[in-house]
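# Structural overview for review
Residue strings, one per chain:
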Amino acid sequence: MGAAGWGADRRAARAQQSCRASSASPELSEGCPAEMVKMTKAKTFQAYLPNCHRTYSCVHCRAHLANHDELISKSFQGSQGRAYLFNSVVNVGCGPAEERVLLTGLHAVADIYCENCKTTLGWKYEHAFESSQKYKEGKFIIELAHMIKDNGWE
């Protein structure tokens, strides 16, 4: 295997490891402190966000996905329409990282899915190849088609 192929394999492996670490458990999520997540074994979902906060949930199964305070931008485009960029999410699993050419250039991304119903929700930015896009690394895109607003929206 050539040096370029080996480097891509190492990047993908590193990206997959970081994705597992950031979404496997709410306690490990850098943007969502453990005290903000109520863990329970009696209910269906892995994590519940506090009722006092506005949250986004999976439209298919109502599993909590993100706190409104973690929203970075509403100006993103997903494969199925508009999407939001979040700093951190809960109840989300991560697929393997792969390089994709998106509207803003080449990125290494990993598809994310709802841990409860397994619906693909969007992706996680693992690596941005252009310096102007580095702010996206480690952030999550969720498409509006797959989420609804919960708790306290008027």
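As a starting point, this report considers the structure included with it. What you see is a predicted model; the values in this text were computed from it and never measured.

## Brief notes about the packing of aromatic side chains
One pass over the structure, following the stated rule, counts 4 aromatic pairs. Consider the rings of Tyr56 and Phe86, whose centres lie 5.3 Å apart with planes at 70 degrees: the pair is edge-to-face. Here Tyr56 is found in strand S3 (residues 55-58), whereas its partner Phe86 is found in strand S6 (residues 81-86), with 30 residues between them in sequence. Phe86 gets classed as buried once you look at its relative accessible area, which sits at 0%. Relative to Tyr125, the ring of Trp123 has its centre 6.2 Å away and its plane inclined at 80 degrees; by these criteria the two rings are edge-to-face. By relative accessible area, which is 7% here, Trp123 ends up buried. Three or more aromatic residues joined by ring pairs make a cluster, and in this case those are Tyr56, Tyr84 and Phe86.

## Description of the sheet that holds S6
Strand order in this open sheet of 6 strands is S5-S6-S10-S9-S8-S7, and the pairing throughout is antiparallel. Two strands lie at the open edges of the sheet, namely strand S5 (71-78) and strand S7 (92-102), each paired on one side alone. Each neighbouring strand pair of the sheet contributes to a mean axis angle of 30 degrees, computed without reference to strand direction. Inspection of the sheet shows S5 paired to S6 by 5 bridges, in the antiparallel sense. When the sheet's bridge partners are listed, Gly78 is paired in S6 with Gly81.

## Thoughts on a nonpolar patch on the surface
Taken together, Val101, Leu106 and Phe129 make up a surface patch of nonpolar side chains, about 260 Å² in accessible area. Inspection of the secondary structure assignment puts Leu106 in strand S8 (residues 105-114).

## With respect to the environment of Gly95
Residue position: Gly95 is located in strand S7. The buried category is assigned to Gly95, whose relative accessible area is 14%. Distance in space between the C-alpha atoms of Gly95 and Trp123 is 8.8 Å, their sequence separation being 28 residues. Those residues within four positions of Gly95 in sequence are excluded, and the remaining contacts are Ala110, Asp111 and Tyr113.

## Observations concerning the pattern of salt bridges
As enumerated under the stated definition, the model contains 5 salt bridges in all. Put simply, Asp150 and Arg62 hold a salt bridge, and the shortest N to O gap is 2.7 Å. Of the two residues, Asp150 is situated in strand S11 (residues 147-150) and Arg62 in the loop between S3 and strand S4 (64-67); the sequence distance between them amounts to 88 residues. Judged by its relative accessible area of 11%, Asp150 falls in the buried class. Since its relative accessible area comes to 44%, Arg62 is described here as partly exposed.

## Re the nonpolar core
With 20 residues, the main nonpolar core has Phe86, Leu121 and Ile142 as its most contacted residues. Listing elements by their share of this core, those giving two or more residues are S3, S4, S6, S7, S8 and strand S10 (140-143). The contact partners of Phe86, leaving out residues within four places of it in the chain, are Tyr56, Ala66, Asn67, Glu70, Leu71, Ile72, Lys139, Phe140, Ile142 and Met147.

Scoring rules and cut-offs
- Residues numbered from 1 in each chain as written.
- Predicted model: local features only at pLDDT ≥ 70, side-chain atom pairs only at ≥ 80, totals over all residues.
- Heavy atoms only, no water.
- Phe/Tyr/Trp six-rings, centres within 6.5 Å; stacked < 30°, edge-to-face > 60°.
- Helix = DSSP H or I, 4+ residues; strand = E, 2+ residues; numbered from the N terminus.
- Buried < 20%, exposed > 50% of the residue type's maximum accessible area, 1.4 Å probe, protein only.
- Pairing = 2+ DSSP bridges.
- Axes fitted to C-alpha atoms, helices over the stretch in contact; angles between N-to-C directions.
- Patch = residues over 30% accessible without salt bridge, like charges linked within 9 Å, V, L, I, M, F, W, Y side chains within 5 Å.
- Areas by Shrake-Rupley, 256 points an atom, 1.4 Å probe, with all protein chains shown as cover.
- Salt bridge = Lys/Arg side-chain N within 4 Å of Asp/Glu carboxyl O.
- Contact = heavy atoms within 4.5 Å.
- Core = buried A, V, L, I, M, F, W, Y, C linked by side-chain atoms within 4.5 Å.

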